Amino acid sequence: MKTWKWSRLAIATTCYLASFIVVPYNFANEAEKDVPKNPLKEAYFGEQHVHTGVSMDAFIAGNRLTPDDAYRFAQGEEIMVNGSMHKIKRPLDFVAVTDHSEFMGEAYSLMNEGAPGYDHELAVAFREAPDLHTALQLYVKNVLTPLAGGGTPHPAFYQGVEATKSTWKKNFEATEKHYKPGTFTTIHAYEWTSAPGGSNQHRNVFFRDTNVPELPFSSNESKDPEKLWAWMQTQRDDGKKVFAIPHNSNESKGLLFAEASLTGVPINEEYAKIRASMEPLIEMMQVKGNSEVVPNFWSNDEFADFENALTIQKFNGRGFVKENYVRYGLGRGIKYKSELGINPFKYGFVGGTDSHNGTPSNVEEDNYKVGSHGYADQSAEVRSKSVLEGEMSIADANPGALTAVWAESNTRGAIWDSMFSKETYATSGPRMKVRFFAGQGFATKYDTYEAMVSDGYKKGVPMGRDYKSSKAPQFLVWAMKDPIGPNLDRIQIIKGWLENGEMRDTVYNVVASGKRLKSDGTVTPIDAPINLKTGEFNTIKGDPELMTVWTDPSWDPKQEAFYYVRVLQLPTARWNLYDEIRSGVKYPDSVKKQIVERAWASPIWYEVK
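- The protein is annotated in an unreviewed UniProt entry as DUF3604 domain-containing protein from Vibrio ziniensis.

See the structure below:
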């Protein structure tokens, strides 16, 4: 068997090039200064969670696209995906490619002809695997089995840390190449992929500028998020600006919002403080399900039954527990605040896809023609019958979600800063616009959108912030439909609070289309079904814009509380209906054919001082 080794010259050259990842003079920041700023901010839509062929699990599933390809796709270019040409309907404003840090070195040997290890017989076998079954067998034998036995997770063709540096550098170069301040923003990022005992503890890590480390920290170094945060702190101490976003709490086996650290130590003030500092946001939804709520534990929420990915319970012992869901986490955070003085789960919201196709935000239901995980779901025929290995039935998956960021400009610094301050919202795919303020003295009607937003900032705080007055807050909420989507149904405010040491939550309907909101807070149902033969949605009912000022009828200045907004649009066809219409396949009757897409605005917190 032929084994490749790095020559001294190759190692020296790679080390030399890798050292230039840390850019001493930030030319991008200089370019950002020339971009006009909007003090009222604009909603920029983007992807904060996508994988290319650089992620080894994506490579195994047939993905050969690079970060360069992903950025071109995000800007509207048509590229070859799973054997067919494909493009998104509308370009994105920003993208962070988040390839797994764990096997970046292997990716260098697999994807770069002439690289050390490229012609190793195992690398060739990975690269030329004719189908998903063969590729998975190779992955299990050479990666998962050694890892489970306490051995090295790296296959035999891995060339060491210098190969990892080379891949990280190539990702860096692609991210810089496609950054166009004011037009299209790219963010340096990666995924730390820890799954102790099959519990999802994954985090995506984001850097504000070009000052990034030579190497990303991976779960091969440690599966404990506290070790990740410690590494992040060393980066901050070195002048780097970085934060992390956890995702897939629905697959976390109750550990993401647990009562103790991964090592079993009860959560204390220091833990809470560090976590709150490192993780400002959480991913609300992606391909593998919506993590807001499930009907099992929130029977009082009539819209809890949405993309719950029920079949995740059949894999890896991931049963549904209340502690897996974001609304629980927000409430537990308030309880920790009362116990420790710090809220470790003070999360704003983002959405993503976790696509392993290298296709950022391919989220439209009628454009989900190539799936999201390579061979596993590349065609309607496959999607109608198969499972996503170790995860769920593919019929239970969805195209994923979007992140919207309210920022002064479409620049890396402005978008990163607004994400860090939580002025963000997630959508299940549509490009709705949502504003949410808490304050005093808002008008019940505004002559212009600009006047409303100006008043929101002047007299209150936006989504993601703390409301600090002891007076009952007024909540100013506004939403605008996606230009190519149906009208809106209603806006809701979800409140969570602590009462006698117990976590409670409820859902308020605060405004509805067609004046359907009743005095008792209920809403007259709207009859706007889709056309099951064509997938067309109702274009007459509902309202394109909704706005109101609402005050909590059960306000108690002595109760800690959070409030977040959920916007619901009229029903639309689910992706599987389009598969049935276009390809003649048949999904089980239990699979929904229409859904109510939505947006979730980051919370505003009231904390008793």
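After that view of the structure, there is still more to cover.
### Remarks on the overall build of the protein
Then, number 1: When helices and strands are counted, the protein shows 15 helices and 26 strands.
Then, number 2: Here the C-alpha atoms of the protein give a radius of gyration of 24 Å, agreeing with the 25 Å that 2.2 N^0.38 yields for 609 residues.
Then, number 3: C-alpha atoms of the protein, sized along the principal axes, occupy 75 × 55 × 50 Å.
Then, number 4: Every one of the 609 residues in the protein was classed for burial, and the buried ones make up 61%.
Then, number 5: Considering only contacts within the protein whose residues lie at least 6 apart along the sequence, 76% involve residues at least 24 apart.
Then, number 6: The centroid of the 69 positive side-chain charges in the protein is displaced by 2 Å from the centroid of its 77 negative side-chain charges.

### With respect to helix 11 (residues 326–340)
Then, number 1: Counted at 1.5 Å a residue, the expected span for helix 11 with its 15 residues is 21 Å, and the 20 Å between its end C-alpha atoms agrees.
Then, number 2: Taking burial as the measure, the 15 residues of helix 11 include 11 buried ones, the bulk of the element.
Then, number 3: Phi turns positive one or two residues past the end of helix 11, at Gly341, with a value near 90°.

### Topic: the pattern of salt bridges
Then, number 1: This model, assessed by the stated rule, comprises 44 salt bridges.
Then, number 2: Note that Glu307 is salt-bridged to Arg574, the shortest N-O span being 3.0 Å. Placement of the pair is Glu307 in the loop between strand 10 (289–290) and helix 11 and Arg574 in the loop between strand 24 (572–573) and helix 15 (575–583), with a sequence separation of 267 residues. Judged on exposure class, the residue Glu307 and its partner Arg574 are both buried.
Then, number 3: One continuous salt-bridge network, built from bridges that share partners, spans Asp68, Asp69, Arg72, Glu77 and Lys177.

### Overview of unusual backbone geometry
Then, number 1: In this structure, Asn82 is a non-glycine residue whose phi angle is positive, near 55°.
Then, number 2: Within the fold, Asn82 resides in the loop between strand 2 (79–81) and strand 3 (84–86).
Then, number 3: With relative accessibility at 24%, the residue Asn82 sits in the partly exposed group.
Then, number 4: With phi around 55°, Lys515 is a residue other than glycine that occupies positive phi space.
Then, number 5: Looking at the secondary structure, you find Lys515 in the loop between strand 21 (502–512) and strand 22 (545–551).

### Topic: the nonpolar core
Then, number 1: In terms of nonpolar packing, the biggest core is built from 65 residues, with Tyr190, Phe207, Leu228, Met232, Phe349 and Trp600 touching the most fellow members.
Then, number 2: For this core, the element with the highest residue contribution is helix 11, accounting for 5 residues.
Then, number 3: Those residues in contact with Leu228, other than ones at most four positions away along the chain, are Tyr190, Trp192, Arg203, Val205 and Phe217.

### As for the environment of Pro571
Then, number 1: Among the secondary structure elements, Pro571 is positioned in the loop between strand 23 (561–569) and strand 24.
Then, number 2: Between the C-alpha atoms of Pro571 and Tyr449, which are 122 residues apart in sequence, the distance is 26 Å.

### Notes on the sheet that holds strand 22
Then, number 1: Pairing is antiparallel in the open sheet, where 4 strands are placed in the order 17-16-19-22. Each end of this open sheet is capped by a strand with a single partner; those strands are strand 17 (460–462) and strand 22. Between one strand axis and the next, the sheet turns by 20° as a mean value, whatever way the strands run.
Then, number 2: Alignment of strand 19 (residues 474–480) against strand 22, held across 7 bridges, turns out to be antiparallel. By the bridge assignment for strand 22, Trp478 is matched with Met547.

### Description of the pairing of strand 7 (residues 203–207)
Then, number 1: Judged by how many residues are buried, strand 7 sits mostly within the fold: 5 of 5 residues are covered.
Then, number 2: Neither face of strand 7 is exposed, since Arg203, Val205 and Phe207 on one face and Asn204 and Phe206 on the opposite face are all buried.
Then, number 3: One ladder, built from 4 bridges, connects strand 6 (residues 189–192) with strand 7; its direction is antiparallel. Paired with Trp192 across the two strands is Arg203, which belongs to strand 7.
Then, number 4: Note: strand 7 against strand 8 (residues 242–246), 5 bridges, orientation antiparallel. Looking at the pairing, Asn204 lines up with Ile245 of strand 8.

### Some thoughts on the packing of aromatic side chains
The geometry of an aromatic ring pair is captured by the separation of the ring centres together with the interplanar angle, meaning the angle of the planes.
Then, number 1: By the definition in use, this model includes 33 aromatic pairs.
Then, number 2: Centroid distance Phe306 to Trp600: 6.5 Å. Interplanar angle 50°. Geometry classified as tilted. Taken together, the residues span a long stretch of sequence, with Phe306 in the loop between strand 10 and helix 11 and Trp600 in strand 26 (residues 598–606) at a distance of 294 residues. An identical accessibility class is assigned to Phe306 and Trp600; each is buried.
Then, number 3: Ring centres 5.8 Å apart and planes at 70° place the aromatic pair Tyr336 and Phe345 in the edge-to-face group. You'll find Tyr336 and Phe345 in the same group, each marked buried.
Then, number 4: Taken together, the ring pairs in this structure connect Trp168, Tyr190, Phe207, Phe217 and Trp231 into an aromatic cluster.
Then, number 5: For Lys322, the ring lying beneath its charged end belongs to Trp298, and the centroid distance is 5.2 Å.
Then, number 6: In this structure, Arg598 is placed above the aromatic ring of Phe306, and the distance from its NZ or CZ to the ring centre is 3.9 Å.

### Here we look at the packing of helix 5 (residues 104–111) against helix 8 (residues 161–177)
Then, number 1: Running from amino to carboxyl end, helix 5 crosses helix 8 at an angle of 80°, the nearest separation of the two axes being 7 Å. Accordingly, the angle class assigned to the pair helix 5 and helix 8 is roughly perpendicular. Across the interface between the two elements, Met104, Gly105, Ala107 and Tyr108 from helix 5 touch Ala163, Thr164, Ser166, Thr167, Trp168, Lys170 and Asn171 from helix 8.

### Some thoughts on the pairing of strand 14 (residues 402–407)
Then, number 1: Counted residue by residue, strand 14 has 6 buried out of 6 residues, so it is predominantly covered.
Then, number 2: Side-chain alternation along strand 14 places Leu402, Ala404 and Trp406 on one buried face and Thr403, Val405 and Ala407 on a second face that is also buried.
Then, number 3: Of the pairings in the sheet, the one linking strand 1 (residues 42–47) to strand 14 comprises 5 bridges and is antiparallel in character. Counted as the bridge partner of Glu42 is Ala407 from strand 14.
Then, number 4: As paired elements, strand 14 and strand 15 (residues 424–427) share 4 bridges and run antiparallel to each other.

Scoring rules and cut-offs
Residues numbered from 1 in each chain as written. Predicted model: local features only at pLDDT ≥ 70, side-chain atom pairs only at ≥ 80, totals over all residues. Heavy atoms only, no water. Helix = DSSP H or I, 4+ residues; strand = E, 2+ residues; numbered from the N terminus. Rg over C-alpha atoms; globule rule 2.2 N^0.38 Å. Buried < 20%, exposed > 50% of the residue type's maximum accessible area, 1.4 Å probe, protein only. Contact = heavy atoms within 4.5 Å. Lys, Arg positive; Asp, Glu negative; His and termini not counted. Charge placed at Lys NZ, Arg CZ, Asp CG, Glu CD. Expected span 1.5 Å × (residues − 1). Salt bridge = Lys/Arg side-chain N within 4 Å of Asp/Glu carboxyl O. Core = buried A, V, L, I, M, F, W, Y, C linked by side-chain atoms within 4.5 Å. Pairing = 2+ DSSP bridges. Axes fitted to C-alpha atoms, helices over the stretch in contact; angles between N-to-C directions. Phe/Tyr/Trp six-rings, centres within 6.5 Å; stacked < 30°, edge-to-face > 60°. Lys NZ or Arg CZ within 6 Å of the ring centre and 35° of its normal. Parallel < 35°, antiparallel > 145°, perpendicular 65-115°, else oblique.

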